[in-house]
Amino acid sequence: MHKLPDLPYPFDALEPYIDKKTMELHHGKHHAGYVEKLNLALENNKELLEKDIEGILRDIKSVPEEIRQTVVNSGGGHANHSFFWKIMGPKPKAGPEGKLFEALKSEFGSFDNFQEKFTEKALGVFGAGWAFLIINKDNKLELTRQSFQNSPLLYGNMPILGIDVWEHAYYLKYQNRRADYVKAWWNVVNWQEVEKNYEGV
Ligand code: MN
């Protein structure tokens, strides 16, 4: 069975940028709901119940057609949120260092410019979705938008950093002000984890 991972910090750890109530609902209801629906869709498929979700998404064509879209939606939701909790944290360092910093500079000109472009991507998602920094198939850093819970893994891309811009991620505190949420979110990006994601590829 697929399992809801524990949040790697307390629900109120990202205050004041992301509030406790939002984190409780986001993890305990939304993410938990994806895991539940995924397990339900896979209930007669022992192999996929035991395979890790990232591996399933990378090889989505091997998922039987009648449950494939459910796995894209709920499995994508499970993978995206598991990833999202880890790339955030309380009191993170101010920015990336080392190889990731150098790569961002060479791809985007400067860290500030990367941040600006990523923010633009996040604000440009129409409706529910995500913005990601990925390593693409050519092994280059790239910014992408994904609708709904579509995971970059479906397309052979590796997510390095990502932001959930579904309204459930910010509505309680920020209502319709997505720009304020994105601006605040930069304060809780766990750069150490993002560096690991980059260097692990
Ligand atoms: Mn979400």
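Residues numbered from 1 in each chain as written. Predicted model: local features only at pLDDT ≥ 70, side-chain atom pairs only at ≥ 80, totals over all residues. Heavy atoms only, no water.

*Asks:* Explain the environment of Pro16 here, please?
*Replies:* Structurally, Pro16 is set in the segment before helix H1 (20-41). Classification of Pro16 as partly exposed rests on a relative accessible area of 48%. C-alpha of Pro16 to C-alpha of Ile135: the two residues are 119 residues apart in sequence and 31 Å apart in space. In contact with Pro16, other than residues within four places in its own chain, are Lys173 and Tyr174. (Helix = DSSP H or I, 4+ residues; strand = E, 2+ residues; numbered from the N terminus. Buried < 20%, exposed > 50% of the residue type's maximum accessible area, 1.4 Å probe, protein only. Contact = heavy atoms within 4.5 Å.)

*Asks:* Would you mind going over the pairing of strand E1 (residues 129-135) with me for this structure?
*Replies:* It is a general feature of regular strands that their side chains alternate between the two faces of the sheet. Across the seven residues of E1, seven count as buried, placing the element largely inside the fold. Covered by surrounding structure in E1 are Gly129, Ala131, Leu133 and Ile135 together with Trp130, Phe132 and Ile134, the residues of both alternating faces. Where E1 lies against strand E2 (residues 141-147), seven bridges are found, and the strand directions are antiparallel. Bridge pairing in E2 links Ala131 to Arg145. Counting the residues that bridge the hairpin from E1 to E2 gives five residues, and of these Asn139 lies at a positive phi of roughly 70°. Direction of pairing for E1 relative to strand E3 (residues 158-164): antiparallel, over a ladder of six bridges. Bridged to Ile135 within E3 is Met158. (Pairing = 2+ DSSP bridges.)

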